[in-house]
Amino acid sequence: MSPIVKNVAVVLVIPITMFGLYIILHGHLTPGGGFPGGAIMASLVVLFFVAFGKEWAKKINKGILFFGESFGLALFGLLAFLGLGTSFFHNFLANSDSLFGMSIPFGANSGFLWSGGIIPLMNIAVGLEVFAALSIIAVVMFLENGKVMFSEKENNVGGKK
Amino acid sequence: MILENAPALAIGIPLFAAFAVFFFGKLGKRAMKVWVVAGLLAAEVFIIWLAMDALSGISHFYAVGAQVPGIISQAGFPVRVVLVVDAVSALVALVAMSLCLLAGLFSLRFFEKKEGGEKFYSLLLLLAAGITGLSFTGDFFTMFVFLEVISISSAGLIVFFREGEGFEAGFKYLVLLAIGALFLLFGVGIFYGKYGLLNIGAIASLVGVNASFIDFTAVALIASALLLKCGSFPVHMWKPDVYQKASGIVSAVLVASGLVGIYALFRVLFLMLANTPLSAMVGWVIAILGVFSIFVGVTMALKQTSLKRLVGYAAVAETGFVLLAFGTGLAAVTSMDIFSFRAVIGGMFQLVNDGLDLGLLFLLIAAVGFVTKKKRIGEISGLAHKSPVLAVLFLIGMFAISGMPPFNGFASKIIIYESVYMASPVFSIVGILGSVMLLAIFVKVFVAIFLGPPYKGKVEVLPKSMLLVMCIFAFFILLLGLFPKQAIEGVFLPAAKALINSQAYIGGIL
């Protein structure tokens, strides 16, 4: 692509990342959450494919993306299991004054970021997972026309042999 | 504390195990396989415990994420996702999870030399979690979610290691199931719009009082989605395609997901229509669909040349028997007589037998492919000389599926024939004819593969783990066939009672 597109793509890294992170982190206060935020972040990868082409796309380490995907999902599962003291998926962090555990004062307010317990943490996990998974989908469709998702070649690129 | 959370753990453990397979894959093949088997075994243990509890009369209701998981409706109506484990859902989950576990054990040596095992096991565990979730869910929206989980993970499994045609079958499955899931979602949306509730039991209690046309529309939409899932007559076309193209192991797991689809269909229908005049009509429609499934499945199986496709059509026929039995029971649900009740028991029995017989046959096909290394079954003949064990196991599976005494298929089908005959002799006769034709078809297959001049090609030794898995299937087939009375009294009678007793279900929720 032309230098204009390339430069604009680089400049757009900041606003797109910020918007994506905003949507993920404010998932428990405003519309959005992990899935839309992760999809917004993954659109950055697609934008870079368009701007910089195949040579750039080949440099992406799919192993890291697979790791991010699995890590996000495992984190989500782990958070669900951590509530087992009372019940599965129990929100044990809410109102605990620790991580995201602020008690909300009674009455109308504009929303507190430091609240929600495990919901924002789960949003972050889902955001990571969706970002990594959609990036993998984009890489596979862009580089390999979707042929090798389930064949043997793919292991040479990413994971362990 | 752990046992209190057993319903959630039975879904949560395979789900978490599926996500973490990737990390164990990094540690090596052995660690990954140990992790997969441990995950499936742990879920199986919890389900066995739940099933033993449920069959002895103690149902478990579990509100996910609640302060006290046992309290479902705090303000008079349920707000949280509710898991319901009564006799019938526990039994179905037990059968389906056992199929997943056995197929997983079977696959340990099967994929030894092939790459990409971590994705296969990840999808298998995800499918196991979806199957358990669909059988335990007491909530329409969760039902939709687990249906999607099942369809996406099974589509991934279908295309695994296959190129070209396998993709076509997987894509067909995915598109059809997605359309079905949209029907379900539309039906759920109607209920949510009318009642502001998603819980099946709570909606059923309201539908029982003031049923209107819009409720029946929603029930019809949901029922058609689930009929698509279990592959009944007018929408059976994906089943032979998928079973033919997928690996035998994957087909065995897909049988499990089909069983859970049938269960979900009848759970919804028995709950929603129990007190309404429409139950008779819907029951007969389902029974007629079942009869057509038997007829179409058997006649189409007759002309197949590919063994897997043939068993796929036999699976359509087997589904038809369950639909026929449950449909007859549903038709008489308002005034349950002894024959209709026996039909429900027979259907419950047949549901379990479906899983055992079809699971054994699909794993046998995979084993035959493994020992001969041939892609096409048609190139194989006279295998009984080289591996008599496989021949004996195939005979057991074949007699069981076609309803010959003393195997389990006979025990369940005789109940269905007897009880359905009282309601409609024609349906019963079609069922008997279908069963006889199934036997003829499988005798043909048996002769082609196992008899004749000795097989000339190289035959590999069957790994012990595969043999053990198939012997477990054969053991349960014989056990249910030889002691049907004890099995019915201990297992299928409480399950059938739980299925038709909508008041106990609703009472547990509210």
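Residues numbered from 1 in each chain as written. Chains lettered and ligands numbered in written order. Predicted model: local features only at pLDDT ≥ 70, side-chain atom pairs only at ≥ 80, totals over all residues. Heavy atoms only, no water.

**Q** Can you help me understand the packing of helix α13 (residues 338-372) of chain B against helix α14 (residues 388-401) of chain B in this one?
**A** When two helices pack together, their arrangement is given by the angle between the helix axes and by the axis-to-axis distance. All names here are of chain B. Running from amino to carboxyl end, α13 crosses α14 at an angle of 150 degrees, the nearest separation of the two axes being 9 Å. With respect to α14, the element α13 is oriented roughly antiparallel. The hand of the α13/α14 crossing is left-handed. The segment α13 lies against α14, with Asp 357, Leu 358, Leu 360, Leu 361, Leu 364, Ala 367, Val 368 and Val 371 engaging Leu 390, Leu 393, Phe 394, Gly 397, Met 398, Ala 400 and Ile 401. Taken together, the residues of the contact of α13 with α14 sort by class into 13 nonpolar, one polar and one charged. (Axes fitted to C-alpha atoms, helices over the stretch in contact; angles between N-to-C directions. Helix = DSSP H or I, 4+ residues; strand = E, 2+ residues; numbered from the N terminus. Parallel < 35°, antiparallel > 145°, perpendicular 65-115°, else oblique. Left-handed = near helix turned anticlockwise from the far one by under 90°. Contact = heavy atoms within 4.5 Å. Nonpolar A, V, L, I, M, F, W, Y, C, P; charged D, E, K, R; others polar.)

**Q** Please clarify how helix α12 (residues 307-331) of chain B should be interpreted in this entry.
**A** For an α-helix, 3.6 residues make a turn, and residues three or four places apart therefore share a direction. For α12(B), spanning 25 residues, the distance from its first C-alpha to its last is 36 Å, which sits close to the expected 36 Å at 1.5 Å a residue. The buried fraction of α12(B) is high, at 25 of 25 residues. (Expected span 1.5 Å × (residues − 1). Buried < 20%, exposed > 50% of the residue type's maximum accessible area, 1.4 Å probe, protein only.)

**Q** Quick question: what am I supposed to make of the packing of aromatic side chains here?
**A** One pass over the structure, following the stated rule, counts 33 aromatic pairs over all chains. Relative to Phe71(A), the ring of Phe67(A) has its centre 5.9 Å away and its plane inclined at 10 degrees; by these criteria the two rings are stacked. A residue pair is termed a helical-turn pair when its members lie 3 or 4 positions apart in one helix, as Phe67(A) and Phe71(A) do in helix α3 (residues 62-82) at four residues. With relative accessibility at 41%, the residue Phe67(A) sits in the partly exposed group. Assessed through its relative accessible area of 38%, Phe71(A) is described here as partly exposed. Note on Phe394(B) and Phe450(B): the rings are 5.3 Å apart at their centroids and 45 degrees apart in plane angle, and the pair reads as tilted. One end of the pair, Phe394(B), is in helix α14; the other, Phe450(B), is in helix α16 (residues 425-450), and 56 residues separate them in sequence. Both residues of the pair, Phe394(B) and Phe450(B), belong to the buried class. Here a set of aromatic residues connected by ring pairs shows up, and it is made of Phe76(A), Phe81(A), Phe88(A), Phe89(A), Phe16(B), Phe24(B) and Trp35(B). For the cation-ring pair, Lys119(B) lies above Phe66(A), with the distance from its terminal atom to the ring centre recorded as 4.9 Å. (Phe/Tyr/Trp six-rings, centres within 6.5 Å; stacked < 30°, edge-to-face > 60°. Lys NZ or Arg CZ within 6 Å of the ring centre and 35° of its normal.)

Just geometry here; none of it tells us what the structure is for.
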